[in-house]
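A look at the structure
One letter stands for each residue in the lines below.
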Amino acid sequence: MPAEAQVRMEPSWKSHLLEEFQKSYMQELRGFLHREIAGHKMVYPRGSEYFAAFNATPFDKVKVVILGQDPYHGPNQAHGLCFSVPHGVDTPPSLVNIFKEIQADLGLSVDHFRHGNLKSWADQGVLLLNSVLTVEHGRAASHQGKGWELFTDRAISELNAKRDGIVFMLWGAYAHRKGEVIDNRKHLVLKAPHPSPLSAHRGFLGCRHFSQANAYLAQHGKEPIDWRLG
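The structure displayed is predicted, hence computed values, not measured ones.

As a further point, take the overall build of the protein. Of the regular secondary structure elements, the protein holds eight helices and six strands. Relative to the globule expectation of 17 Å for 230 residues, the C-alpha radius of gyration of the protein, 17 Å, shows essentially globular dimensions. C-alpha extents for the protein along the principal axes are approximately 50 × 35 × 30 Å. Looking at the protein as a whole, 54% of its 230 residues qualify as buried. Considering only contacts within the protein whose residues lie at least 6 apart along the sequence, 68% involve residues at least 24 apart. A total of about 10500 Å² of accessible surface is found on the protein, and carbon and sulfur atoms cover 50% of it.

On to the nonpolar core. If you look at the biggest cluster of nonpolar residues, it comprises 67 residues, and the most contacted ones within it are I66, W121 and F151. Not counting residues up to four positions away in its chain, the partners in contact with W121 are I66, I98, F99, I102, V126, L128, D226, W227, R228 and L229.

In this model, helix α2 (residues 24–38) (15 residues) spans 21 Å end to end at C-alpha, consistent with the 21 Å of a helix rising 1.5 Å per residue. Along α2, the residues classified as buried are Y25, M26, L29, R30, F32, L33 and E36. Across the axial projection of α2, the buried residues extend over an arc of 160°, all falling on one side. In α2, the exposed residues that point more than 90 degrees away from the buried face are S24, E28, H34 and R35.

On to the packing of α2 against helix α6 (residues 148–162), then. For the pair α2 and α6, the least separation of the axes is 9 Å and the interaxial angle reads 130°. Judged on the interaxial angle alone, α6 and α2 are oblique. Residue-level inspection shows Y25, M26, L29 and L33 of α2 in contact with α6, the latter providing W148, L150 and F151. Among the residues forming the contact of α2 with α6, the class breakdown is seven nonpolar, no polar and no charged.

Cis geometry is adopted by the peptide bond preceding P45, which originates at Y44 and carries an omega value of -10°. A positive phi angle is found at A141, which is not glycine, with a value near 65°. As for its position among the elements, A141 is in the loop between β4 (135–136) and α6. On the accessibility criterion, A141 (32% relative accessible area) is partly exposed. Notably, R208 is not glycine yet its phi reads approximately 60°, a positive angle.

Right, let's talk about the sheet that holds strand β6 (residues 188–192) for a bit. Judged by pairing direction, the sheet is parallel, and its four strands sit side by side in the order β3-β2-β5-β6 without closing on themselves. What marks the edges here is a single partner per strand, and that holds for β3 (126–130) and β6. Going from strand to strand, the sheet's axes swing by 20° on average, the running direction of each strand aside. The pairing of strand β2 (residues 64–68) with strand β5 (residues 167–171) spans four bridges and is classified as parallel. Each bridged residue has a counterpart across the sheet, and for L67 the counterpart in β5 is L170.

About the thresholds
Residue indices follow the written sequence of each chain, beginning from 1 at its first position. At least 70 in pLDDT is required for a residue's local features to be given in this predicted model, at least 80 for side-chain atom pairs to be given and counted, and no such filter applies to totals for whole chains, interfaces and linings, which use all residues. Side-chain figures throughout are based on the complete set of non-hydrogen atoms in the structure, without hydrogens or water. By definition, any uninterrupted DSSP run of H or I lasting at least four residues is a helix, any uninterrupted run of E lasting at least two residues is a strand, and each is numbered from the N terminus. Using C-alpha atoms as the atom set, the radius of gyration is obtained and then compared with a globule rule of 2.2 Å times the number of residues to the power 0.38. A simple rule labels every residue: compare its accessible area, found with a 1.4 Å probe on the protein chains alone, to the largest value its type can have, and call it buried under 20%, exposed over 50%, or partly exposed in between. Note on contacts: a residue pair qualifies if any of its non-hydrogen atoms lie within 4.5 Å across the two residues. Here the open area of atoms and residues is found with the Shrake-Rupley method and a 1.4 Å probe, where only the protein chains shown may cover a residue. Take the buried residues of types Ala, Val, Leu, Ile, Met, Phe, Trp, Tyr and Cys, join any two whose side-chain atoms come within 4.5 Å, and each joined set is a nonpolar core. Multiplying one less than the number of residues by 1.5 Å gives the expected span of a helix. The arc in question is formed by the directions pointing from the helix axis toward the C-beta atoms. Axis definition: a line fitted to C-alpha atoms, over the contacting stretch in the case of helices. Angles run 0 to 180 degrees between N-to-C directions. For classification purposes, angles smaller than 35 degrees are called roughly parallel, those larger than 145 roughly antiparallel, those between 65 and 115 roughly perpendicular, and all remaining angles oblique. Residue classes follow a fixed rule: Ala, Val, Leu, Ile, Met, Phe, Trp, Tyr, Cys and Pro count as nonpolar, while Asp, Glu, Lys and Arg count as charged, and any other residue, Gly among them, counts as polar. In short, DSSP must find at least two bridges between two strands for them to pair.

This is the structure we're talking about:
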């Protein structure tokens, strides 16, 4: 990870988060990542995409936050947006279930979900934020507890305190815990089980979060999200 002066982050986010880069935990995280890469370990996503979620969705444009846990750990999957994969990569099972729920909730055709790249959501104001922003190839959760959680906690706290009327989608116990700081008097907090095939049937499928989110945005004078993918 580059030093704070060299961090390539969208300016509005950088203004809110720059002091985090000066803290000891980020210095330690930087050292950890340097050692991992110097030791020829494969780290996902590539360094230029660590902050892709922030770069795609400026602070003052955030309408919806979807919280993930950590990046996909298979080749060519992670590109810095939670649940999303680049064009040409097979849609992972959790994202398949997300698409199923959107189709059922909004009455959309499967034809609108032929790929798993969610960049168009990010461009409309959906912050696709993992709690942990890196992972080692083939080792899920391998970079947990290294500092990223503190950084993304700060991002959520800044949105909670300094913005109003954001929809937070919290799927699974991990996201529920991370979202405990969110003031539900200022924001809409939607909770459901994780969309993983292991848990989606326990209440994610049928949660209707996407129609609820759009109704809330419309009520607050904001353009709803077009959840269809090109």
